[in-house]
Amino acid sequence: MVDVTEREMDNPTFKSNTVLSDVHLHCPNKRHLMVRLNAVGQPVFLSYFKILWNTEDSPSEKHVREATTEREHQYRSGDELCDQDRNHLKKERELNSEGVEALLDDDGDLEVVRRPRSASDLEPEDLLRDRVYPVILMKGKDDAFEDKEQDCTCSDVVKIEHTMATPLEDVGKQVWRAAFLLADYILFKRDTFRCCSVLELGGGTGITSIIMGTVAKRVYCTDVGEDLLAMCEQNVALNKHLMEPGRGEVKVKELDWLKDEFCTDPEAPYSWSEEEIADLHDHCTVIMAADVFYDDDLTDALFRMLYRITHNLRNSCRVYLALEKRLNFTLRHMDVTCEAYSHFRNTLNDLESLQDGKIKYTVEPIKLDFCQFLIYERIEQL
């Protein structure tokens, strides 16, 4: 848990009372633009995330391919290769394709053929992830979207407003890796979610609901807190260009897991109408949540909410849960533990073993061998 102070944005210092997602510290080849302060005075940044529709070459594969040709470029002088260098390259290509064998040069010395570097050999600074720092807009520049370099409505760019370094209760205003992981799965399984009605629990900035909105018929993106929901609604508006005409409706709604009922007060922002509740119960076939299992009480509340909602659905439903197992050293255990994840697994097991005569829950893991459409570290704890 860290906090970036604004005293020196180029050399952040850290405190222990707030939480920072590393997604914001490392963002590939893009700047963070601070566009405004939110209602509680937190700086709001705008980040651009590119969708890699052509996944033939993943970032790591591309880098490895470039590394294997690097030595060829080192031999080049203008557009020509000298005969001696060409012979060296020919020998190396033959060895790479036929196996490693000893070579002697003209003097009888052993020539060592170096294998191409693999992705695991690359240093962190070699990976396609540039360290970037927030760019503070000058006072008076109200419209951040006039930046021609950054502003675009391409079908492969997602624009997300978010905060950095928030208190624990505001972590939904940041972007987390599990949201990217779930978004990857949605993009990989587009046909599975096409024309579905979807409910997201703990949608936060809305990035996963926005990605789902590119294929689904309707998405109810839910969370709690007017400031957070306003940010989410702004992000949905920023990404209207991704939605197909006549489809891809994303509705931002309040859903408090600690309450038994939907908020239907017409005076309350982001409340539900009776028609929307009926539509959810009649047509929802997918529920999803990403990186919401960090507090045991909230985990219990979420599973109670899941139970109530699924009992009222007319159709069978699939629930997709993505999370990052966060390891911590605790004095109580004198060891590295992941208590939040352990509690999540235990609660999930309880749900699967539940027998009430009305509904049955089946749990199965999803292998993480699907394509990566967004650039982030898909670490083993995801």
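Note that the structure is predicted; figures quoted are calculated from it, not measured.

**Student:** Quick question: what am I supposed to make of unusual backbone geometry here?
**Tutor:** Glycine aside, a negative phi is what most residues show, and trans is what most peptide bonds show. We note that Ala-165 has phi near 50 degrees; this positive angle belongs to a residue other than glycine. Mapping Ala-165 onto the fold places it in the loop between β6 (157–162) and α3 (177–188). Owing to a relative accessible area of 14%, Ala-165 belongs among the buried residues under this scheme. In this structure, Cys-195 takes a positive phi of about 70 degrees despite not being glycine. Tracing the chain through its elements places Cys-195 in the loop between α4 (190–193) and β7 (197–200).

**Student:** Looking at this model, I keep getting lost on the packing of aromatic side chains. Mind explaining?
**Tutor:** The relative placement of two aromatic rings is captured by the distance of their centres and the angle of their planes. Tallied over the entire structure, the rule returns 14 aromatic pairs. Ring centres of Trp-53 and Phe-373 lie 6.4 Å apart, and the angle between their planes is 65 degrees; this geometry places the pair in the edge-to-face category. Of this pair, Trp-53 sits in the loop between β2 (43–50) and α1 (59–75) while Phe-373 sits in the segment after α9 (339–352); the two residues are 320 residues apart in sequence, bridging distant segments of the chain. With a centroid separation of 5.4 Å and 20 degrees between ring planes, the pair formed by Phe-180 and Tyr-376 is classed as stacked. Taken together, the positions of Phe-180 in helix α3 and Tyr-376 in the segment after α9 put the pair 196 residues apart, joining distant regions of the chain. For the residue pair Phe-180 and Tyr-376, the accessibility class agrees, reading buried in each case. Members of the aromatic cluster, each reached through a chain of ring pairs, are Tyr-185, Phe-188, Phe-193, Tyr-320 and Phe-370. Over the ring of Tyr-341 we find Lys-325; its NZ or CZ atom is 5.0 Å from the centre of that ring.

Thresholds, definitions, all that
- Residues numbered from 1 in each chain as written.
- Predicted model: local features only at pLDDT ≥ 70, side-chain atom pairs only at ≥ 80, totals over all residues.
- Heavy atoms only, no water.
- Helix = DSSP H or I, 4+ residues; strand = E, 2+ residues; numbered from the N terminus.
- Buried < 20%, exposed > 50% of the residue type's maximum accessible area, 1.4 Å probe, protein only.
- Phe/Tyr/Trp six-rings, centres within 6.5 Å; stacked < 30°, edge-to-face > 60°.
- Lys NZ or Arg CZ within 6 Å of the ring centre and 35° of its normal.

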